[in-house]
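# Descriptive analysis of the structure
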Amino acid sequence: MCLAIIAKSELSDTQARLIEGRLSAPEHAYDNGPPKVWHTYQQGLYAVVHTKSNRPVGLVEASGPKDCISPGWWLDNDFRSKGYGTKLIDTLATYLKSEGYTGAGRIIIQTHDHTYDIASQKLAERFQRHFIPCAK
């Protein structure tokens, strides 16, 4: 599975519609993280897109200083527990490094009803291993 990080402003109309449809799905009604700010933040939002199908599989919020980024991510329920989370993290880290990010700060885990806290914590640790730790 190959994933790409695409800025919200660069999404095709089809990709934007697919994201809107998934964010409004009942199973995502109480999700936290990037879905909560998708309609309000103007910068720092990205879609994670499966390159072969061109289908969005998740969202990322990544803004802040280049020496201490603390991103948030969301993976569509259809892609959870299938290895996409690990690939999302590695793809995100590669993308951010290409944009000049060097450090990672504390990543807050806040899944609905703590359902995915353990998996999310493992992904956060994986992300942080890609970067220099910072104190923020």
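Residues numbered from 1 in each chain as written. Predicted model: local features only at pLDDT ≥ 70, side-chain atom pairs only at ≥ 80, totals over all residues. Heavy atoms only, no water.

### Looking at helix 3 (residues 84-98)
Taking 1.5 Å of rise per residue, the 15 residues of helix 3 would be expected to cover 21 Å, and the 21 Å separating its terminal C-alpha atoms lies within 8% of that figure. Within helix 3 the residues assigned to the buried category are Y84, G85, L88, I89, D90, T91, L92, A93 and L96. In this structure, the buried side of helix 3 is in contact with strand 1 (3-7), strand 2 (45-50), strand 3 (55-61), strand 4 (72-75) and helix 4 (117-129). Remark: G100 follows helix 3 within two positions and exhibits a positive phi of approximately 95 degrees. (Helix = DSSP H or I, 4+ residues; strand = E, 2+ residues; numbered from the N terminus. Expected span 1.5 Å × (residues − 1). Buried < 20%, exposed > 50% of the residue type's maximum accessible area, 1.4 Å probe, protein only. Contact = heavy atoms within 4.5 Å.)

### Section: the state of the cysteines
As used in these notes, a disulfide is a covalent bond between sulfur atoms, one from each of two cysteines. Applying the stated criterion across every chain yields a total of 1 disulfide. For C68, the disulfide goes to C134, at an S-S distance of 1.8 Å. Judged by the sign of its S-S torsion, about 70 degrees, the bond between C68 and C134 is right-handed. Here C134 lies in the segment after strand 6 (132-133) and C68 lies in the loop between strand 3 and strand 4, a separation of 66 residues in the sequence. The partly exposed category is assigned to C134, whose relative accessible area is 24%. (Disulfide = S-S within 2.5 Å.)

### Brief notes about helix 1 (residues 13-23)
Looking only at helix 1, the buried set comprises Q15, I19, R22 and L23. Across the axial projection of helix 1, the buried residues extend over an arc of 100 degrees, all falling on one side. Every exposed residue of helix 1 that faces more than 90 degrees away from the buried side is listed here: D13 and R17. Buried residues along helix 1 sit in contact with strand 1, helix 2 (34-37), strand 2, strand 3 and strand 4. (Arc of directions from axis to C-beta.)

### What about the layout of surface pockets?
Empty space among the atoms becomes apparent when a probe as large as a water molecule is rolled across them. The space that makes up the largest pocket amounts to roughly 910 Å³. If you trace the largest pocket, you find 42 residues lining it, with N32, W73, W74, T111 and S120 closest to the centre. If you list the elements that add at least two residues to the lining of the largest pocket, you get helix 2, strand 4, helix 3 and helix 4. In terms of residue class, the lining of the largest pocket is made up of 18 nonpolar, 15 polar and 9 charged. (1 Å grid on protein atoms, 1.4 Å probe; cavity = no way out; pocket = protein on both sides within 12 Å on 5 of 7 lines; lining within 4 Å. Points joined across faces, edges and corners; volume = space filled by probe spheres on them. Nonpolar A, V, L, I, M, F, W, Y, C, P; charged D, E, K, R; others polar.)

### What about the nonpolar core?
As a rule of thumb, soluble globular proteins bury nonpolar side chains together. Among the nonpolar cores identified, the biggest contains 25 residues, and V60, W73, L88, L96 and F127 are the most heavily contacted of them. Taken together, the elements giving at least two residues each to this core come down to strand 1, strand 2, strand 3, strand 4, helix 3 and helix 4. Excluding residues that lie within four positions of it along the chain, F127 makes contacts with I69, P71, I89, L92, A93, L96, A104 and I107. (Core = buried A, V, L, I, M, F, W, Y, C linked by side-chain atoms within 4.5 Å.)

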